[in-house]
Structures are given as structure tokens and as C-alpha cells.
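Structure at a glance
Okay, here's what each chain looks like letter by letter:
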Amino acid sequence: MASALSGASSTLDSSSDSSWNPEGISFPKSFAWGASTAAYQVEGGWDADGKGPSVWDTFTHQGGDRVFKNQTGDVACGSYALWEEDLKCIKQLGLTHYRFSLSWSRLLPDGKTGFINQKGVEYYDKMIDSLLANDVTPVVTLYHFDLPQRLEDQGGWRSGATVEAFDSYAQFCFRTFGDRVKLWITINEPYVMAELGYAEGTMAPGIKELGTGAYLAAHNMIKAHAAAWHTYDRLFRKTQGGLVSIALNSDWAEPFDPNSVADQEAAKRHVAFCLDWFATPIFLNGDYPAIMKSQISAVCKRQGSPSSRLPEFTQEEKMMIKGTADFFSLNYYTSRKIKHRDNTHSPPSMSADKEAEQVTDPSWPVATGSSWLAVVPWGLRRLLEYIKDTYNHPIIYITENGFSQSDPAALDDTQRWEYFRLTLLEILKAIYVDGVQLKGYFVWSLLDNFEWTCGYRSRFGLFHVDFENPALPRVPYKSAIEYAKVIANNGLMKSHG
Ligand code: PNW
């Protein structure tokens, strides 16, 4: 093992204090140890008991080779019927927290509160109650990519009507489950939904509007998040005492040539166009990052357009959006090296607006199940420090981090556990050297599941799921067994040899 990764460890540990070895040091008291899933990726039961269709049901049923082998989440891990099996996995790991998402159209089949599907409420009641009975804290995402199809039919995230529908849905969920759920995430990864769902169109709903779709969808998602936060604040915070945030994903970015000012600026833009796009308005000032506003309007001018393709918030909206998160929820997977790229002659798109080109360092290992996932544990530490410095030292939870294997995947995933171990070491440095207020770490994912356009080819689970076997048995990978030890110990054991 050491030999396979020795190169990786040295290039991956670029910290100045690599002599300080935090192995054997405990994580802070009450550190949250979690795993995450999302409804469409695990539940199956796509039309069971009155569930309405979501955009992912439509997208996968349309075929067209947009998903690996035209696979669907119709059955997935069968968690809608097999919740008890998932609970066994959660208990076997000894998780303190479990993050899952509610299927909006299972609760509200047409997306609106006029008709409530009681069977959906019962399913999530059962999950929440049994988690609490086993001392596991539920962390609930309201919306994880699976917009009700009925709302998409009315414009989806390109329409202001979805902002209102989301706020009503959130209010319904807070009222129904908030007596027991104290940690809420409104929207998962608005960046991914906006860019891949509404601009590039590679994910559901498959809208291809390069240059405008992502900005418009993100604009409405930010407003929807803020509205839901205010609804919680106004109607539920006093009685329920919970916290509400939004899960933001980001790469860490390093300049390709550390001595090039152009590359340094491009690396900043890479993070700005992903993380700060949402975090600046929500955590700081209600408005988009200055670097994004100036960059996009400059590019638009060059393209002969007098106005920017980036929408503007009104003064009132800025006041409404500012300060609407009670903690920072970060999903981290990978890092990139970034070069400045002149895009004067490219057609409008967000990637052209950004004028940055991504390069992966060939010395970084890549997760076998996802070509985009270069394994860069120290990038997480840098990103955490950036968040601490930029967003006023917030409380942070890493609500997703993981490494995929490709199907078929061996239960002995020693190499993957090494990636987790290196990541946990970087987290210890972030906490104890950098003073980041990091309160929890959630592995993506509890189970191998439907990995969006990669279908079942890309396995992120701590538990292997045999999708060929109708019983969908869950079996722990070695990583699950090692993670359970870390949780029991509240820290890594000193490695031997
Ligand atoms: C996250 N990309 O999504 C999601 O929150 C999970 O649902 C997903 O399974 C997990 O990461 C692993 O991919 C992403 O294309 C989707 O770069 C796409 C990308 C990154 C993250």
C-alpha cells in the first residue's frame, strides 16, 4: 500500500508542516460522523404509493444514452422498501449522523402543497423516528436534484414560480418533520443543478442554454433558499431550535503556474464561479461576487451585448438573501490546476465567461470510478482555510466527500481507504493547525447507488450493493469497517510500519 501511494502522499501532502503527524490525535468532542445519500439515488419506488414523477424519472425514461446503459433509478437500492437494511448499515458503522434527502414529489406529487401524499410522509416519519431511536441525528436535504416534473413543466428553476413552490414545500417539511429534524439543508449543490441541468443539459432536466440557463436557475435557487431560511426563522426557529443551510460543492483550485499572475487570477475565478457564486450572497452581502460581475459584464461587452448575462438582485432581494445560513455545508471531491484561457472568440457559456482552463496534475491519482475525481486531500484543507478566511470563520460541516470505484468493485478497497485516511489527516490539520471550526464529516455515500449519468458503473458506497440480485444485499467494503473503527475511536489509529 505504502508503495502504491507513496508518490501520491508526498505530492498530495504539500503542507508546510508535514512533519507534524496528527495520527492518533482525537477529533473534537461531539464531532459529527456521518454518511450521506439522496432520494433518487437510493429509494427506487419511483411510482410507488402515489409518488409523482420527478425530472430524473422523465430524463432516465427518455433514454437517448444520456445515462450509462440508459440505466434508471426506478429500483436503485430499493431503500423505499428496504429502509431497515439501510438502518442496519448505519448502526454497523456507528454513525452519529445520517444525511438523506426527501423526495419532493413523493411528498407533494405535483410539487405543490394542495395535495399531500400521506404514504410519503409515513415513509420519512419512519426513517426519522428510527434514526432518533438509535441515537442517530438526521440531517435532511429538502431537494437533491429531483425537482417534481410538474414544476419543470412550468419552467422549473428558470421560473420565479418555483421559488414560491419551494418555499411552501419547505414550510410543509419544517411543520411536518421539524419537531424531530434539527439540521436542514435546503438545496444540494445549486452549482451542479444550474450548470449541468440548465446550461450544459447533461443532467435532468436536460436544458441546454449555455451562457444564460445556469445564471437564471442559480438566481432562482438562491432566492428559494433565502425564502425557506426566512420561513424557518420566522415560523419555526423559536419552537424547533434547528439550523438551516445550503450544501455548496467546490473544487479547490491552484494556479497552473504559481508565478503567473494571470493563472493566479484564473484560479480565483474558478472558485468564484463555483463556491463564491452562492456563498458570497448567502454568507456575506446578498450579492454576487465582484469578480464574477465584472468578468461576465466585460465578456458580454466584448461580445457586443450592452447588458450582462448575469441577472441582478434588487436591493430588497439583497437584504433578503444576506445572512441566510446557520452553518457552512461543504461538499468536496477534487482539486484542479487552473490556467488563464483567452475566450474572446468562444460562444457564450459560463466556462467561456470564466476564462479559465482546468488541468489535472498527472501525479494526482484518480478515483477508478470517476474520471473527474482527482484525489487531492490537501486541497480540502486549503478550501477549508479559504472558507474560514472569506466567510467569517463559520461553523463548517463537510456534508459530502468520497471516492468512487468502478464496477465491478472489490470488497477489499484498501486503496480507497487510504484516500479517506489521508483526507481525515488533512481535516485534523485544518482543525488543530488552522483553527477551522469543522464540526462534522459525512462520507458520500452510505451505499453504492445510482450515480446520475454514470448509472451503477460508479460505486461510491461504504456498502456494496449487488444490483443484479433482487434482494439488493448490502455488504460492507473494507472502508466501512475502517470507518467504523475511526468513529468508535473518534480518531485514526496510529498506522503500523
Ligand atoms: C455530488 N461533477 O454531485 C452529489 O451531491 C451526489 O449526488 C453525487 O452522487 C456525488 O457528488 C458524487 O458525484 C456531483 O460532474 C455531481 O463534477 C456531478 C459532479 C460533481 C458532484
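Basis of the calculations
- Residues numbered from 1 in each chain as written.
- Predicted model: local features only at pLDDT ≥ 70, side-chain atom pairs only at ≥ 80, totals over all residues.
- Heavy atoms only, no water.
- Helix = DSSP H or I, 4+ residues; strand = E, 2+ residues; numbered from the N terminus.
- Rg over C-alpha atoms; globule rule 2.2 N^0.38 Å.
- Buried < 20%, exposed > 50% of the residue type's maximum accessible area, 1.4 Å probe, protein only.
- Areas by Shrake-Rupley, 256 points an atom, 1.4 Å probe, with all protein chains shown as cover.
- Lys, Arg positive; Asp, Glu negative; His and termini not counted.
- Charge placed at Lys NZ, Arg CZ, Asp CG, Glu CD.
- Salt bridge = Lys/Arg side-chain N within 4 Å of Asp/Glu carboxyl O.

The name an unreviewed UniProt entry gives the protein chain is Cytosolic beta-glucosidase, with Podarcis muralis as the organism.

Things to note about the overall build of the protein chain
Within the protein chain, the regular secondary structure consists of 18 helices and 15 strands. Here the protein chain has a C-alpha radius of gyration of 22 Å; the compact-globule value for 497 residues is 23 Å, and the two agree. Expressed as lengths along the three principal axes of its C-alpha atoms, the size of the protein chain is roughly 65 × 60 × 50 Å. A burial count over the protein chain gives 61% of its 497 residues as buried. Approximately 18400 Å² of the protein chain is accessible, and the part contributed by carbon and sulfur atoms is 52%. When the 47 positive and 58 negative side-chain charges of the protein chain are each reduced to one mean point, those points stand 3 Å apart.

Description of the pattern of salt bridges
Two side chains of opposite charge can pair, provided their charged atoms sit close to one another. Taken as a whole and judged by the stated rule, the model has 29 salt bridges. Arg474 is the salt-bridge partner of Asp86, the closest N and O atoms lying 2.7 Å from each other. In this pair, Asp86 sits in helix α4 (residues 83-93) while Arg474 sits in strand β15 (residues 474-476), placing the two residues 388 residues apart along the sequence. For Arg474, a relative accessible area of 13% puts it in the buried group. Close ionic contact of Arg382 with Glu254 constitutes a salt bridge, the shortest N to O distance being 2.7 Å. Of this pair, Arg382 sits in helix α16 (residues 377-390) while Glu254 sits in strand β6 (residues 252-255), placing them 128 residues apart in sequence. Classification of Glu254 as buried rests on a relative accessible area of 17%. Because the salt bridges share partners, they merge into one network encompassing Asp125, Asp129, Asp179 and Arg180.

A few points about unusual backbone geometry
Negative phi is the rule for most residues except glycine; trans is the rule for most peptide bonds. Cis rather than trans, the peptide bond between Ala204 and Pro205 has omega equal to 5°. You can see Pro205 is positioned in the loop between α9 (190-198) and α10 (213-235). A cis amide bond links Trp444 with the next residue in sequence, Ser445, at an omega value of 15°. Tracing the chain through its elements places Ser445 in the loop between β12 (438-444) and β13 (458-459). Phi angles above zero are rare outside glycine, and Ser30 is one such case at about 60°. By secondary structure assignment, the location of Ser30 is in the loop between α1 (2-12) and β1 (32-36). Positive phi is not limited to glycine here, since Glu189 has a value of about 45°. Along the chain, Glu189 falls in the loop between β4 (183-188) and α9. By relative accessible area, Glu189 is classed as buried at 8%.

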